[in-house]
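Here is how the chains run, residue by residue.
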Amino acid sequence: MSDSLPGPQIDEQGIHAESTAPQAYEPAVPQAYEPAVPQAYEPAVPQAYEPAVPQAYEPAAPQPYEPAAPAPLGVHRVPTGNAGVDAQLERLADADHLPADGHLEVYEDVHRGLRDALTALDARPAPAPAGPLPSPSYNHRS
């Protein structure tokens, strides 16, 4: 606590203690002025201009190319209900485990199989009609 106020004071332990009388004001004594000693002026010596010498360009050594390992694309295949078409769509899963240069063979094989399945659908005979259509019954009053 500050001792500058007269009267009872409470210290850290909660005990009342009488403060001392304020002390007399003593102004600061000014210091004697001593001027700075001037330093001798020395102008900077200009340096000769030397342009930067360009360094020879050296490209980084090429890193060997290592393609990423084959990974499944995670494409979900929905069955169509046609066994021939579904078998060809399942064949596409073989491309998931091949490097990219092996995909072409799988895609061409699947394309050929789908084309054959569509051709087979066109070559099937049309279903025979179920018989003569029943004639509508009319209620005619004559």
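Residues numbered from 1 in each chain as written. Predicted model: local features only at pLDDT ≥ 70, side-chain atom pairs only at ≥ 80, totals over all residues. Heavy atoms only, no water.

> Just checking my understanding: could you explain the overall build of the chain for this structure?
What the chain contains, in helices and strands, is two helices and two strands. When the elements of the chain are put in sequence order from the N terminus, they spell out β-β-α-α. The buried share among the 142 residues of the chain stands at 10%. Long-range pairs, those at least 24 residues apart, make up 23% of the contacts in the chain between residues at least 6 apart in sequence. (Helix = DSSP H or I, 4+ residues; strand = E, 2+ residues; numbered from the N terminus. Buried < 20%, exposed > 50% of the residue type's maximum accessible area, 1.4 Å probe, protein only. Contact = heavy atoms within 4.5 Å.)

> Even after reading the chapter, I still don't get the confidence of the model for the chain, so can you show me in this structure?
With 75% of its residues at a pLDDT of 70 or more, the chain has an overall mean of 78. The least confident element of the chain, judged by mean pLDDT, is strand β2 (residues 16-18) at 57; the most confident is helix α2 (residues 103-123) at 89. (pLDDT = per-residue confidence, 0-100.)

> Got a minute to help me understand the side chain of D96 in this structure?
Along the chain, D96 falls in the loop between α1 (83-91) and α2. Since its relative accessible area comes to 13%, D96 is described here as buried. Not counting residues within four places of it along the chain, the set of residues in contact with D96 comprises P70, A71, P72, L73 and R77.

> Quick question: what am I supposed to make of the side chain of Q88 here?
Here Q88 lies in helix α1. Setting aside anything within four residues of it in sequence, one finds Q88 in contact with D109, V110, G113 and L114.

> Looking at this structure, I do not really get the packing of α1 against α2. What am I missing?
What describes two packed helices is the angle between their axes and the distance between those same axes. Where α1 contacts α2, the axes come no closer than 9 Å and their chain directions differ by 175 degrees. In terms of orientation, α1 and α2 fall into the roughly antiparallel class. Contact residues: V85, Q88 and R91 in α1; V106, D109, V110, G113, L114 and A117 in α2. (Axes fitted to C-alpha atoms, helices over the stretch in contact; angles between N-to-C directions. Parallel < 35°, antiparallel > 145°, perpendicular 65-115°, else oblique.)

> Sorry, what's going on with the pattern of salt bridges here?
Oppositely charged side chains may form a pair once their charged atoms are brought near each other. Here the structure, examined in full by the defined rule, presents four salt bridges. For D94, the salt bridge identified is with R91, shortest N-O distance 2.7 Å. Between R91 and D109 there is a salt bridge whose closest N-O contact spans 2.7 Å. Of this pair, R91 sits in helix α1 while D109 sits in helix α2, and the two are 18 residues apart along the sequence. Linked by salt bridges that have partners in common, R91, D94, D109 and R112 make up one network. (Salt bridge = Lys/Arg side-chain N within 4 Å of Asp/Glu carboxyl O.)

> I keep staring at α2 and nothing clicks. Help me out?
Every α-helix carries 3.6 residues per turn, so stepping three or four residues along brings you back to the same face. With 21 residues, α2 should cover 30 Å at 1.5 Å per step; its first-to-last C-alpha distance of 30 Å lies within 8% of that length. Within α2, the full set of buried residues consists of H103, V106, V110, G113 and A117. Down the axis of α2, the buried set is contained in an arc of 105 degrees. They therefore lie on one face. What points out from α2, more than 90 degrees from its buried face, is the exposed set L104, E105, D122 and A123. Looking at the buried positions of α2, the neighbouring elements they touch are α1. (Expected span 1.5 Å × (residues − 1). Arc of directions from axis to C-beta.)

> Please explain α1 as it appears in this structure.
By the burial criterion, the buried members of α1 are V85, D86 and Q88. The buried residues of α1 all sit within an arc of 160 degrees when viewed along its axis, so they share a single face. Among the structural elements, α2 are those in contact with the buried residues of α1.

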